[in-house]
Amino acid sequence: VYVVTDACVDVQDRSCVEECPVDCIYEGDRMMYIHPDECVDCGRCEPVCPVTSIFHHDDLPAEAARFAEINAGFFAGL
Ligand code: SF4
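What counts, and at which threshold
- Residues numbered from 1 in each chain as written.
- Predicted model: local features only at pLDDT ≥ 70, side-chain atom pairs only at ≥ 80, totals over all residues.
- Heavy atoms only, no water.
- Helix = DSSP H or I, 4+ residues; strand = E, 2+ residues; numbered from the N terminus.
- Rg over C-alpha atoms; globule rule 2.2 N^0.38 Å.
- Buried < 20%, exposed > 50% of the residue type's maximum accessible area, 1.4 Å probe, protein only.
- Contact = heavy atoms within 4.5 Å.
- Areas by Shrake-Rupley, 256 points an atom, 1.4 Å probe, with all protein chains shown as cover.
- Lys, Arg positive; Asp, Glu negative; His and termini not counted.
- Charge placed at Lys NZ, Arg CZ, Asp CG, Glu CD.
- Near = heavy atom within 4 Å.
- Nonpolar A, V, L, I, M, F, W, Y, C, P; charged D, E, K, R; others polar.

Draft legend 1. Here's a closer look at the overall build of the chain. Counting secondary structure elements, the chain contains three helices and four strands. Computed over its C-alpha atoms, the radius of gyration of the chain comes to 11 Å, within 12% of the 12 Å expected for a compact globule of 78 residues. By its C-alpha atoms, the chain is 25 × 25 × 25 Å across when sized along the principal axes. Considering the chain as a whole, with its 78 residues, one finds that 37% of them fall into the buried category. Restricting the contact set of the chain to residue pairs at least 6 apart, pairs at least 24 apart contribute 62%. Roughly 4,500 Å² of accessible area belongs to the chain as shown, and the carbon and sulfur atoms make up 47% of that amount. Distance from the positive charge centre (4 side chains) to the negative charge centre (16 side chains) of the chain: 6 Å.

Quick look at the structure:
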(Lines give C-alpha, C1' and ligand atoms only; values in the text may rest on other atoms or scores of the structure.)
Protein backbone atom coordinates (compact mmCIF):
# COMPACT_ATOMS: atom_id res chain seq x y z
CA VAL A 1 0.00 0.00 0.00
CA TYR A 2 1.16 3.51 -0.82
CA VAL A 3 0.82 6.40 1.59
CA VAL A 4 0.54 10.19 1.18
CA THR A 5 2.67 12.16 3.66
CA ASP A 6 2.81 15.71 4.98
CA ALA A 7 4.63 17.11 1.95
CA CYS A 8 1.19 17.12 0.30
CA VAL A 9 -0.33 19.48 2.88
CA ASP A 10 -1.63 22.62 1.16
CA VAL A 11 -0.15 21.43 -2.16
CA GLN A 12 -2.69 18.91 -3.43
CA ASP A 13 -1.21 18.92 -6.92
CA ARG A 14 -3.43 15.95 -7.89
CA SER A 15 -1.03 14.53 -10.50
CA CYS A 16 -1.36 11.27 -8.58
CA VAL A 17 -5.11 11.19 -9.10
CA GLU A 18 -4.62 11.27 -12.87
CA GLU A 19 -2.28 8.27 -12.68
CA CYS A 20 -4.17 6.01 -10.30
CA PRO A 21 -5.86 3.19 -12.24
CA VAL A 22 -8.34 2.41 -9.47
CA ASP A 23 -9.23 5.97 -8.36
CA CYS A 24 -8.25 5.31 -4.76
CA ILE A 25 -6.66 8.71 -4.05
CA TYR A 26 -9.12 11.02 -2.31
CA GLU A 27 -9.08 14.70 -1.47
CA GLY A 28 -9.17 15.86 2.14
CA ASP A 29 -9.25 19.41 3.47
CA ARG A 30 -5.49 19.95 3.24
CA MET A 31 -3.96 16.85 1.63
CA MET A 32 -4.73 13.82 -0.45
CA TYR A 33 -5.23 10.36 1.07
CA ILE A 34 -4.79 6.86 -0.38
CA HIS A 35 -7.42 4.30 0.57
CA PRO A 36 -5.41 1.36 1.93
CA ASP A 37 -8.01 -1.25 0.98
CA GLU A 38 -8.32 0.01 -2.59
CA CYS A 39 -4.68 0.66 -3.52
CA VAL A 40 -3.37 -2.10 -5.81
CA ASP A 41 0.31 -1.23 -5.22
CA CYS A 42 0.99 -0.32 -8.84
CA GLY A 43 3.38 2.47 -7.85
CA ARG A 44 2.30 4.86 -10.60
CA CYS A 45 1.46 7.71 -8.26
CA GLU A 46 4.83 7.88 -6.53
CA PRO A 47 7.02 9.28 -9.34
CA VAL A 48 4.51 11.88 -10.54
CA CYS A 49 4.17 13.68 -7.21
CA PRO A 50 6.02 17.02 -7.62
CA VAL A 51 6.76 17.23 -3.89
CA THR A 52 7.68 13.56 -3.30
CA SER A 53 4.90 13.05 -0.80
CA ILE A 54 4.03 9.45 -1.72
CA PHE A 55 5.89 6.40 -0.45
CA HIS A 56 5.30 2.67 -0.26
CA HIS A 57 4.49 1.94 3.37
CA ASP A 58 7.64 -0.16 3.66
CA ASP A 59 9.74 2.78 2.49
CA LEU A 60 8.23 5.55 4.60
CA PRO A 61 10.83 7.89 6.10
CA ALA A 62 10.89 7.53 9.88
CA GLU A 63 9.55 11.06 10.37
CA ALA A 64 6.56 10.23 8.18
CA ALA A 65 5.82 6.76 9.58
CA ARG A 66 2.65 7.97 11.29
CA PHE A 67 1.10 8.79 7.92
CA ALA A 68 0.23 5.14 7.25
CA GLU A 69 -2.27 5.37 10.10
CA ILE A 70 -3.29 8.89 9.12
CA ASN A 71 -4.22 7.76 5.60
CA ALA A 72 -6.18 4.77 6.90
CA GLY A 73 -7.75 6.90 9.62
CA PHE A 74 -9.15 9.36 7.09
CA PHE A 75 -11.35 6.61 5.66
CA ALA A 76 -12.21 5.10 9.02
CA GLY A 77 -13.71 8.46 9.96
CA LEU A 78 -15.97 8.70 6.91
FE1 SF4 B 1 -3.30 4.26 -6.98
FE2 SF4 B 1 -1.29 2.68 -7.76
FE3 SF4 B 1 -0.79 4.81 -6.23
FE4 SF4 B 1 -2.05 2.69 -5.18
S5 SF4 B 1 0.07 2.74 -5.95
S6 SF4 B 1 -2.62 4.85 -4.92
S7 SF4 B 1 -3.26 2.01 -6.94
S8 SF4 B 1 -1.58 4.85 -8.34
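Draft legend 2. Geometry of the site of the ligand. Taken together, 13 residues sit near the ligand, with Cys-20, Cys-39, Cys-42, Gly-43 and Cys-45 positioned nearest. Here the residues of the shell around the ligand are counted per class, giving 11 nonpolar, one polar and one charged.

Keep in mind that these numbers describe shape and distance, not what the molecule does.
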